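Structural features, examined
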Amino acid sequence: MIEKVRDAFRALPDGRKQSNARLYEMEDAALSAFAVFFSQSPSFLDSQVRMQKQLGRNNASSLFGVHEIPCDNQIRNLLDPVPPETVYPVMAEIGDALYQQGYLAGFRSLNDTLLIALDGTDFFSSEKISCAGCSETRLKNDRVLYRHLAVTPVLVAPGQANAIPLPPEFVQPQDGQDKQDCELAAAARWLARWGEHYRPWRITYLGDDLYCHQSHCLRVRAQQADFLFTCKPESHATLYEWVGDFERNEQLGRVVQARRVGKKHFTDTYRYAHQVPLRNTDDAVMANWLELVTTDARGAIVFKNAWATSHAITDHNVAALASAGRARWKIESVPQAHRKEVRNGLTNCVEATRKMRVGPSGSAFRSGPQTTPSCCGQEPWW
């Protein structure tokens, strides 16, 4: 994988004029930025420079093949002009290699399909720093928040700790100012660009309530793929009217399962219905609906969610469908109850990075998302 990444970085466009004074190559800048993601510490490169001075070697060189380590500002100056689309092919190639070598066999679920979770994410926001590519959001205090957003498709699966990122699609400011319009437009472009590529994999697309939209579901089905999207009553009034009619006529499917987690007892109640419309029109997409309500030993609700799907639902697969729908949260924000644990984990990663020695080590391969420190080469806003 590192060699594929190196080859892609070696071919990055370099807008600088030819000069003998150029100390850093584009490849070194890109590999240095890439290396930061393996430590979860923005001070990783600085520690490697100090390690080089003290020991004559460093992990950035031994693990990633960096010849000269640029400073943070130099990395931004070199990489900010490079279009993000330049590295899309290598991202796709890595996913293709995993698929061809059978690694993704363990990710299959729901009628032997692979799950691709779609979700929009902010990777930069500021009220002071902006550029021509920023989207703008008007806040309640009438101030403007400048943002960079992207739709980030990720392969996920129930029971799989790993998630496989696929090429993203950036939200363009001309798509509109409303988040829903922007994100759906970016998702539509992604499907148009990559849907055909991933069609042979047999895909089920996951997403939040935003994606449970007539036009988006039609786009998914046009790619011969399935969908499993969160479905809320406030945005799907017609669908829930039908569900209410099924309930009054006692026509909803129902499955109840008890389970135990440690000393705690829970009851999962599944309900489902077939062929309900997403909206109140004659051409409405007809989907199947399922709901999961989890209660504790006292009968208090600890979880509740519902989905609309193109998959057929039975008593035998309703639990698997709900489990697949919940797999999307592998790429969501960490729940409040786990934030302290995550903070402690990040602190440990930083400490592990500080103690790194030359050569491959367990801590050298840590990975995790990093927020972009600047907008189009400007200084960090924090």
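Read on for a plain summary of the structure. Please read these numbers as outputs of a predicted model, since none were measured by experiment.

1. What to know about the overall build of the chain
- Helix and strand content of the chain: 11 helices and 13 strands.
- Sequence-distant contacts, at least 24 apart, represent 60% of the contacts inside the chain between residues at least 6 apart.

2. Structural notes on the sheet that holds strand S6 (residues 164-165)
- Pairing in this open sheet of nine strands is mixed, and the strands run S6-S5-S1-S8-S9-S13-S12-S11-S10 from one edge to the other. What marks the edges here is a single partner per strand, and that holds for S6 and strand S10 (253-261).
- Alignment of strand S11 (residues 264-277) against strand S12 (residues 286-296), held across 10 bridges, turns out to be antiparallel. Each bridged residue has a counterpart across the sheet, and for Arg271 the counterpart in S12 is Glu291.
- With respect to the sheet, helix H8 (residues 214-222) is in contact with strand S8 (203-207) and strand S9 (226-230), its orientation differing from that of S9 by roughly 155 degrees.
- Of the strands in this sheet, S11, S12 and strand S13 (301-309) touch helix H9 (residues 237-248), which is tilted by about 110 degrees from S11.

3. Re the pairing of strand S4 (residues 144-151)
- Of all eight residues in S4, eight are buried; the element is thus mostly enclosed.
- Burial along S4 is two-sided: the face carrying Val144, Tyr146, His148 and Ala150 and the face carrying Leu145, Arg147, Leu149 and Val151 are both buried.
- In terms of strand pairing, strand S2 (residues 120-126) meets S4 through six bridges, oriented antiparallel. For Ser126, the partnering residue across the bridge sits in S4 and is Tyr146.
- Both strand S3 (residues 135-138) and S4 contribute to a ladder of four bridges, which runs antiparallel. Each bridged residue has a counterpart across the sheet, and for Glu136 the counterpart in S4 is Tyr146.
- Following S3, the chain reverses through five residues before pairing antiparallel with S4; Asp142 in that reversal takes a positive phi of roughly 70 degrees.

4. Some details on the state of the cysteines
- Applying the stated criterion across every chain, the model contains zero disulfides.
- There is no disulfide at Cys231, and the cysteine sulfur nearest it, in Cys212, is 4.3 Å away.
- What makes Cys231 buried here is its relative accessible area of 2%.

5. Notes on the packing of helix H1 (residues 2-10) against helix H2 (residues 26-36)
- Relative orientation of the contacting elements H1 and H2 amounts to 135 degrees, with a least axis distance of 8 Å. Here H1 is positioned oblique relative to H2, judged by the angle of their axes. Regarding H1 and H2, the two cross each other, and that crossing is right-handed. Seen from H1, the contacting residues are Ile2, Val5, Arg6, Phe9 and Arg10; seen from H2, they are Met26, Glu27, Ala30, Leu31 and Phe34.
- Taken together, the residues of the contact of H1 with H2 break down into seven nonpolar, no polar and three charged.

Conventions and cut-offs
Residues numbered from 1 in each chain as written. Predicted model: local features only at pLDDT ≥ 70, side-chain atom pairs only at ≥ 80, totals over all residues. Heavy atoms only, no water. Helix = DSSP H or I, 4+ residues; strand = E, 2+ residues; numbered from the N terminus. Contact = heavy atoms within 4.5 Å. Pairing = 2+ DSSP bridges. Axes fitted to C-alpha atoms, helices over the stretch in contact; angles between N-to-C directions. Buried < 20%, exposed > 50% of the residue type's maximum accessible area, 1.4 Å probe, protein only. Disulfide = S-S within 2.5 Å. Parallel < 35°, antiparallel > 145°, perpendicular 65-115°, else oblique. Left-handed = near helix turned anticlockwise from the far one by under 90°. Nonpolar A, V, L, I, M, F, W, Y, C, P; charged D, E, K, R; others polar.

From the geometry alone we can't say anything about function, so treat these as descriptive.
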